[in-house]
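# Coordinate inspection notes
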Amino acid sequence: MFEYRCGIKLKSTTADAAALKLLRKHFPNTSLGDLRSKIQAHDYVYLSDMLKQDGEREAVKMLREFDKAGIETELFEESRNTPGPWNTRPLDRDVLYNMLQRSRGIQRQVLEDIERETTGYISPEAEAYIDEEISIEEEIDRKIME
């Protein structure tokens, strides 16, 4: 089975207050000691969950917050064919942003396919609903990327 995930590391291994505050906001159930240890070990401070649908969106949101706080980050992608080892390589931010856009296209296609399978065609009402759902998701993405 193919597995994929993206991760964020901080460039600095100094666990300053700004970085810890940001991480604590996203991981309230993780102790400050654990967060500090991740930073100092140059480990991932965020690693997307393959089962979570919005892993890329969460990564973009965190990257933007780190940027606003002046904290430098590194972005990576990992993939593997289980049970093999993870293959890690740097991930360009533009590629991550394109993943979000591609996800919206897939979401639209799935909604249209469901409508075609259930009714045999896409009614104007269903098309309006699909357009509304996609525009809501795109607006969320726009706010995250600002």
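In this numbering scheme, every chain counts its residues from 1 along its sequence in written order. Local features in a predicted model are, by the rule used here, given only for residues with pLDDT of at least 70; side-chain atom pairs are given and counted only at 80 or more, and totals for whole chains, interfaces and linings are based on all residues. Only hydrogens and water are set aside when side-chain values are computed; all heavy atoms of the structure are taken into account.

### Quick word on the sheet that holds strand S2 (residues 46–47)
A pair of strands is treated as paired once DSSP finds two or more bridges between them. Every helix listed is a DSSP run of H or I at least four residues long, and every strand listed is a run of E at least two residues long, numbered separately from the N terminus. Taken together, the 4 strands give an open sheet; going across it, the order is S2-S1-S3-S4, and neighbouring strands pair in antiparallel fashion. On the outer flanks of this sheet lie S2 and strand S4 (87–90), each paired with one strand and no other. Here helix H4 (residues 93–119) sits on the sheet and contacts strand S1 (2–10) and strand S3 (73–81); the angle it forms with S3, its principal contact strand, is near 65°. By definition, residues are in contact when any of their heavy atoms lie within 4.5 Å. To define axes, lines are fitted to C-alpha atoms, for helices over the stretch in contact only, and angles between the resulting N-to-C directions are given on a 0 to 180 degree scale.

### Comments concerning the packing of aromatic side chains
Here the distance between the centres and the angle between the planes together describe a pair of aromatic rings. Centre distance within 6.5 Å is the pairing criterion for rings of Phe, Tyr and Trp, where only the six-membered ring of Trp is used; planes under 30 degrees apart are then read as stacked, over 60 as edge-to-face, and the remainder as tilted. Counting across every chain of the model gives 1 aromatic pair. Ring centres of Tyr-44 and Phe-76 lie 6.2 Å apart, and the angle between their planes is 80°; this geometry places the pair in the edge-to-face category. Taken as a pair, Tyr-44 in the loop between helix H2 (32–40) and S2 and Phe-76 in strand S3 lie far apart in primary sequence, 32 residues in all. Over the aromatic face of Trp-86 sits the side chain of Arg-5, whose NZ or CZ is 3.7 Å from the ring centroid. One Lys or Arg, Lys-9, reaches over the ring of Phe-76 and ends 5.2 Å from the middle of that ring. Put simply, a charge is over a ring when the Lys NZ or the Arg CZ is close to the ring centre, within 6 Å, and near the line of the ring normal, within 35 degrees.

### With respect to the pattern of salt bridges
The working definition used for a salt bridge is a side-chain nitrogen of Lys or Arg within 4 Å of a carboxyl oxygen of Asp or Glu. By the definition in use, this model includes 11 salt bridges. Residues Arg-5 and Glu-78 are paired through a salt bridge, measuring 2.6 Å at the closest nitrogen-oxygen approach. Here Arg-5, found in strand S1, pairs with Glu-78, found in strand S3; they are 73 residues apart in sequence, far enough to count as distant. Glu-78 carries the same exposure label as Arg-5, and that label is buried. Two residues, Lys-25 and Glu-65, come together in a salt bridge whose shortest N-O distance is 3.1 Å. With Lys-25 in helix H1 (residues 17–26) and Glu-65 in helix H3 (residues 55–68), the pair connects residues that are 40 residues apart, well separated along the chain. To sort residues, take the accessible area from a 1.4 Å probe on protein chains only and compare it with the maximum for the residue type: under 20% means buried, over 50% means exposed, and anything in between is partly exposed.

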